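Examining the three-dimensional arrangement
So the chains spell out like this:
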Amino acid sequence: MKFEEVIGQHTARERLLQLVSEDRVPHAMMLCGPAGAGKMALALAFASYLLCRNHEQGDSCGNCPQCIMLRKWEHPDLHFVYPVIRPAGTSAEHKMVSDDFSREWHHLIAQGPYFTLDQWLAEMGAANQQAQIGAGESDALLRKLSLKSSQGGYKVSLIWLPERMNAECANKLLKLLEEPPMQTVFIMVCEEPEYLIETIRSRVQRIDVPRIGEEAIREALISRRGIDEESAARIARIAGGSWLKALDQLDAGNENRQFLDMFEMLMRLAYMRNVRDMKKWSEVVAAYGRERQLRLLSYFGRMIRENFVYNFRQPELCYMTQDEESFSRNFSRFVNERNVVEISELIARTQRDIRQNANAKMAFFDFALKMIVLIKR
């Protein structure tokens, strides 16, 4: 992968190239930033640059033997580490390692470097299982990195979501970072560095990757997806610096469209005081599963904020899709100075209850009933 394929992030790119040109490549670095900012894309491009033997104009050449192997991410000196679940049919004694899902991983990254943990879990068929990086991973990585580089250059270990390492794996990896094999570079791609143990954070060079610029997303939508300029500008504003959110808006059946339907339904039922159907609504949401319920509530929180701002009639302050704005034209008057704080607090309390494993049917029915009172203020 080449740096030119990364959307935006020119400052981070220049910093990485400067490390190579000044011969100051650290043995361990950590790219930190929000989901959708392009951390993985940068990491893959930098790994390709380190392994390429024929750099040209600040990028990998794409044609040398190393780059040809990297097209399918099958370079023998590039080692991936990522969270996995226990493979079906294995015993409790089996130590999970990334290689258990190597085929699924290569299938996912072959589709592009912008993806989420949820997409990876779906690729593995995880259902309700939690993915983690276990102790077996650090043992396997030590064996791989102890071998001499097959191509005579760098050995690169790319660790995706290191914050999902368990304690035993983290402590073993720490020893590797303290005494790294020669010409080995660890590239960590992290979204929640606060969950990493302090001793690992202190031994890596952190590079913060900010949200992608709105203009960069707009240009990418036009050039890569063939979107017209007006639609691209609207989507780029809504994306909030995330290419993943921009892609979601292109999917007619995306989750936010479903969440908008549920938001519209609840607000109409609350306005009509239709308690019977509100109970049915809460039962449907209760079947979503906790993570999706939390995303639904986050979406509701955004819609309440956007509807409140919509009342000021200043388009540059609003970040809504055309469908959201169509509903908000008539609904926004029900979100005002008298209730916006209380509605936001109600959403936050419901999120807290769901995180604490409260009964979802009760939590959402209570949420729905309280909306009857709040939107009439």
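Located above this text is the structure these notes cover.
Only a predicted model underlies this, so the values are computations on that prediction, with no experimental measurement involved. (Residues numbered from 1 in each chain as written. Predicted model: local features only at pLDDT ≥ 70, side-chain atom pairs only at ≥ 80, totals over all residues. Heavy atoms only, no water.)

Per the secondary structure count, the chain includes 17 helices and five strands. Principal-axis analysis of the C-alpha atoms gives the chain an extent of 70 × 50 × 35 Å. Buried residues in the chain amount to 50% of all 377 residues. Excluding contacts between residues fewer than 6 apart, the proportion of contacts in the chain whose partners are at least 24 apart in sequence is 72%. Charge centroids of the chain, computed over 50 positive and 50 negative side chains, lie 5 Å from each other. (Helix = DSSP H or I, 4+ residues; strand = E, 2+ residues; numbered from the N terminus. Buried < 20%, exposed > 50% of the residue type's maximum accessible area, 1.4 Å probe, protein only. Contact = heavy atoms within 4.5 Å. Lys, Arg positive; Asp, Glu negative; His and termini not counted. Charge placed at Lys NZ, Arg CZ, Asp CG, Glu CD.)

In this section: empty space enclosed by the protein. The probe, sized like a water molecule, is rolled over the atoms to show the empty space still left. Taken as a whole, this structure holds two cavities of 30 Å³ or more when the rule is applied. Quantified by volume, the largest cavity comes out at close to 110 Å³. What lines the largest cavity is a set of 14 residues, among which G36, K39, M40, P113 and F115 lie closest to the centre. Among the residues making up the lining of the largest cavity, the classes are represented as nine nonpolar, three polar and two charged. Put simply, the second largest cavity is a space of about 40 Å³. What lines the second largest cavity is simply V81, I133, E137, S138, L141, I159, M165, C169 and L173. Counting only elements with at least two residues in the lining of the second largest cavity, the list comes to α6 (135-145) and α7 (167-178). Ranked by residues supplied to the lining of the second largest cavity, first place goes to α6 with three residues. Considered class by class, the residues forming the lining of the second largest cavity number seven nonpolar, one polar and one charged. (1 Å grid on protein atoms, 1.4 Å probe; cavity = no way out; pocket = protein on both sides within 12 Å on 5 of 7 lines; lining within 4 Å. Points joined across faces, edges and corners; volume = space filled by probe spheres on them. Nonpolar A, V, L, I, M, F, W, Y, C, P; charged D, E, K, R; others polar.)

Turning our eyes to something else, we now look at the packing of aromatic side chains. Under the defined criterion, the tally for this structure stands at 21 aromatic pairs. Seen from their ring centres, F115 and W160 are 5.1 Å apart, and the 65 degrees between their planes marks the pair as edge-to-face. In this pair, F115 is assigned in the loop between α4 (102-110) and α5 (117-124) and W160 in strand β3 (residues 155-160), connecting sequence segments 45 residues apart. An identical accessibility class is assigned to F115 and W160; each is buried. Members of the aromatic cluster, each reached through a chain of ring pairs, are F263, Y271, W281, F300, F327, F331, F334, F364 and F367. Cation over ring: K376 sits above Y271, and NZ or CZ is 5.1 Å from the ring centre. (Phe/Tyr/Trp six-rings, centres within 6.5 Å; stacked < 30°, edge-to-face > 60°. Lys NZ or Arg CZ within 6 Å of the ring centre and 35° of its normal.)

Take the sheet that holds β3 next. Strand order in the open sheet formed by five strands is β2-β3-β4-β1-β5, and the pairing between neighbours is parallel. Whereas interior strands pair on both sides, the edge strands pair on one side only; in this sheet they are β2 (78-81) and β5 (205-208). Between one strand axis and the next, the sheet turns through 20 degrees on average, direction left out of account. Pairing of β2 with β3 involves four bridges; the strand directions are parallel. By the bridge assignment for β3, V81 is matched with I159. The sheet strands contacting helix α1 (residues 10-21) are β1 (28-32) and β5, and the helix crosses β5 at an angle near 150 degrees. Where α6 meets the sheet, its contacts fall on β2, β3 and β4 (184-190), and the angle it forms with β2 comes to roughly 175 degrees. (Pairing = 2+ DSSP bridges. Axes fitted to C-alpha atoms, helices over the stretch in contact; angles between N-to-C directions.)

On to the environment of V156, then. Mapped onto the elements, V156 comes out in strand β3. Once the C-alpha coordinates of V156 and G58 are considered, the two residues, 98 residues apart in sequence, prove to be 19 Å apart. Once you skip the residues sitting within four places of it in the chain, V156 turns out to touch A47, L50, L51, D77, L78, H79, V185 and I187.

This brings us to the packing of helix α14 (residues 290-310) against helix α15 (residues 322-331). In the contact formed by α14 and α15, the axes pass within 10 Å of each other and the chain directions differ by 60 degrees. By the angle class used here, α14 and α15 are oblique. As α14 packs across α15, the resulting crossing turns out to be right-handed. Residues Y299, R302, M303, N307 and Y310 of α14 touch α15, and the partners they reach there are E324, E325, S328, R329 and F331. Of the residues in the contact of α14 with α15, the class split is four nonpolar, two polar and four charged. (Parallel < 35°, antiparallel > 145°, perpendicular 65-115°, else oblique. Left-handed = near helix turned anticlockwise from the far one by under 90°.)

According to the stated counting rule, one finds 25 salt bridges in the structure shown. A salt bridge links K39 to E191, with the nearest nitrogen and oxygen atoms 3.6 Å apart. With a gap of 152 residues between them, K39 in helix α2 (residues 39-51) and E191 in the loop between β4 and α8 (198-201) connect regions that are remote in the sequence. Exposure remark for K39: the relative accessible area of 4% places this residue in the buried category. Since its relative accessible area comes to 34%, E191 is described here as partly exposed. Between R295 and E255 there is a salt bridge, and its shortest N-O distance comes to 2.9 Å. Of the two residues, R295 is situated in helix α14 and E255 in helix α12 (residues 255-272); the sequence distance between them amounts to 40 residues. For R295, a relative accessible area of 31% puts it in the partly exposed group. (Salt bridge = Lys/Arg side-chain N within 4 Å of Asp/Glu carboxyl O.)

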